[in-house]
Amino acid sequence: MSAEYGGRTGLQGKLTQWLRAGRRPKETAGDGGREALLLAAAGAGLPLAPAAHPAGYRCSCERVGCPTPARHPVSFAWQTQSTTDRAQVERWARHQPQANFITATGMVHDVLDVPLDAGRSALERLLAAGVEVGPVAESDDGRMLFFTLTRGTPEDEDEWWPCELDCHPETMDEHPGLRWHCRGSYVLVPPARLPGEDQTVHWVRGPEHPLPDPLSLLETLTEACARYGGEEADQAGAAWPLRH
């Protein structure tokens, strides 16, 4: 399924309608929507690998104190396992019907990961300014994910640097502002379920949108995060005297 699938008919046309309407994966769970959405992501070039899933309010990995419940790959070899191969994604989706999926960043794409309020504000500004915005996902744990072209390729290996210089999935709480997921990182790809009632990761703009240059979004996202951080600090400062 290519990035042009949104202009076709049948199930592919319905997918675009669902994505534009902002419908959640749970609404298509009974009619094959999960598999179709995963194939759409793989068809758009996002390499996928199986991930853990919620087990009630816990993680299916059963690790005591799992730091990223239902948000991490199930295999330590996820970077080499990640693929866009349609047949392999179909096998995984059908044999692991509860599994979430991650997409490995730094191969084809990066992800600019920002607080939800900041992301919504930035998205509105970018679209109003006519900036090309690629796929965008929302996570019900309060984050918005902007999918972009990667900052490096295997041909310019010296220009790559590991995601740990920005953030890493298991240290995300240490980076409340903008997180740049690149080489060595991953994010959940929609449709995905999070621990808790009706908590999901879902597309706002689907994978049929071409991946933009990250630098075309970075300034607006950074400014939105700065405003968001300032508002949070002001609110905390205003509330502080009430605690004494």
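To be clear, the structure that these remarks concern was listed above.
Residues numbered from 1 in each chain as written. Predicted model: local features only at pLDDT ≥ 70, side-chain atom pairs only at ≥ 80, totals over all residues. Heavy atoms only, no water.

Let us look at the overall build of the protein chain. Helix and strand content of the protein chain: 6 helices and 11 strands. Within the span of the protein chain, comprising 244 residues, buried residues form 46% of the whole. Taking all contacts inside the protein chain whose residues are at least 6 apart in sequence as the whole, residues at least 24 apart take part in 75%. (Helix = DSSP H or I, 4+ residues; strand = E, 2+ residues; numbered from the N terminus. Buried < 20%, exposed > 50% of the residue type's maximum accessible area, 1.4 Å probe, protein only. Contact = heavy atoms within 4.5 Å.)

Attention now goes to the pattern of salt bridges. Scanning all chains against the criterion turns up 7 salt bridges. Where Arg-94 meets Glu-35, a salt bridge forms, and the shortest distance between an N and an O atom there is 2.8 Å. Here Glu-35 lies in helix H2 (residues 33-43) and Arg-94 lies in helix H4 (residues 86-95), a separation of 59 residues in the sequence. The exposure class assigned to Arg-94 is exposed, which follows from its relative accessible area of 53%. By relative accessible area, which is 18% here, Glu-35 ends up buried. One continuous salt-bridge network, built from bridges that share partners, spans Asp-113, Arg-143 and Arg-179. (Salt bridge = Lys/Arg side-chain N within 4 Å of Asp/Glu carboxyl O.)

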